[in-house]
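Tertiary structure, described
Letter by letter, the chains look like this.
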Amino acid sequence: WPIAGATYTQDEFFWQKVTAANIGALSLIAFLLLRLYSGWDYVGTRLTSKVIEFEETGWYDGDYEFKTESEMKRDKFLYQEKVRPVVKRLQTFTLALGALFLASIVAFNVANTQNPMFDEYDPRMLERLNYDEKLAERAAMSSGGKPIYCDNRYYRAVAGGGQGCN
């Protein structure tokens, strides 16, 4: 929310702010789920492998041995009882998260098509303010009588430090 709130500062951009924050949060969760999945998948690969790899201090002094029949049965049982359910659950959550992520992107695109009357982020609108007095008046009224750039750190810096924002 903080990044989306700093990007969309006006109240009229509520849905853009919510959907942008949702996409950011889902991205973090997707990264964590991917990390969990890769770890559990690595454990599953080691358990289902017919070879045990040993590493002493690095790749150059490792060794490998073939698993005995009893070790393979034990590891297969561990994989089926402990690892496979977790991997399947992680796959399900990742697919659901992917669907939510796509839905959030669609919602963000829909929200971005519905801009308020005065859109401070549109360069054409900012240029139009130079010659359209009625639009400039409405923009001043919607911002409480102070310059619209006062709500945004970037535009305040571009305007020379925010004269008239106090």
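Criteria and cut-off values
Residues numbered from 1 in each chain as written. Predicted model: local features only at pLDDT ≥ 70, side-chain atom pairs only at ≥ 80, totals over all residues. Heavy atoms only, no water. Helix = DSSP H or I, 4+ residues; strand = E, 2+ residues; numbered from the N terminus. Buried < 20%, exposed > 50% of the residue type's maximum accessible area, 1.4 Å probe, protein only. Contact = heavy atoms within 4.5 Å. Areas by Shrake-Rupley, 256 points an atom, 1.4 Å probe, with all protein chains shown as cover. Core = buried A, V, L, I, M, F, W, Y, C linked by side-chain atoms within 4.5 Å. Axes fitted to C-alpha atoms, helices over the stretch in contact; angles between N-to-C directions. Parallel < 35°, antiparallel > 145°, perpendicular 65-115°, else oblique. Left-handed = near helix turned anticlockwise from the far one by under 90°. Nonpolar A, V, L, I, M, F, W, Y, C, P; charged D, E, K, R; others polar. Salt bridge = Lys/Arg side-chain N within 4 Å of Asp/Glu carboxyl O. Expected span 1.5 Å × (residues − 1). Patch = residues over 30% accessible without salt bridge, like charges linked within 9 Å, V, L, I, M, F, W, Y side chains within 5 Å.

Considering the overall build of the protein
In terms of regular secondary structure, the protein is built from 6 helices and 2 strands. In sequence order, the secondary structure elements of the protein are arranged as α-α-β-β-α-α-α-α. Burial analysis of the protein (166 residues in total) assigns 25% to the buried set. Sequence-distant contacts in the protein: of pairs separated by 6 or more residues, those separated by 24 or more amount to 51%. Accessible surface, the protein as shown: approximately 12,200 Å² in total, 60% of it carbon and sulfur.

A closer look at the nonpolar core
Grouped together as the largest cluster of nonpolar side chains are 5 residues: Leu-26, Leu-33, Val-86, Leu-90 and Leu-97. Elements with a contribution of two residues or more to this core: helix 2 (14-48) and helix 3 (69-113).

So, the environment of Tyr-8
With respect to the secondary-structure elements, Tyr-8 resides in the loop between helix 1 (2-7) and helix 2. Its relative accessible area of 13% is what places Tyr-8 among the buried residues. Note: C-alpha distance between Tyr-8 and Asn-152 (144 residues apart in sequence) is 8.7 Å.

Topic: the packing of helix 2 against helix 3
For the pair helix 2 and helix 3, interaxial distance at closest approach is 8 Å and the crossing angle is 160°. Considering the angle they form, helix 2 stands roughly antiparallel to helix 3. Judged by the twist between their axes, the crossing of helix 2 over helix 3 is left-handed. The residue inventory of the contact of helix 2 with helix 3, partitioned by class, reads 26 nonpolar, 10 polar and 3 charged.

Focus on the pattern of salt bridges
All chains considered together, the criterion is met by 2 salt bridges. Across the pair Asp-75 and Lys-67 runs a salt bridge whose closest N-O atoms are separated by 2.8 Å. You'll find Asp-75 and Lys-67 in the same group, each marked buried. Overlapping salt bridges, with partners in common, bring together Lys-67, Arg-74 and Asp-75 in one network.

Focus on helix 2
The end-to-end C-alpha distance of helix 2, which contains 35 residues, comes to 50 Å, matching closely the 51 Å that a straight helix rising 1.5 Å per residue would cover. Among the residues of helix 2, Gln-16, Lys-17, Thr-19, Ala-21, Ile-23, Leu-26, Leu-33, Gly-44 and Leu-47 are the ones counted as buried. Check the buried side of helix 2 and you find it contacts helix 1 and helix 3.

Considering a nonpolar patch on the surface
A cluster of nonpolar side chains, namely Leu-36, Trp-40, Tyr-42 and Val-43, defines an oily patch on the protein surface of about 370 Å² accessible area. The residue Trp-40 is located in helix 2 in this model. Among the residues examined, Trp-40 registers a relative accessible area of 31% and is labelled partly exposed.

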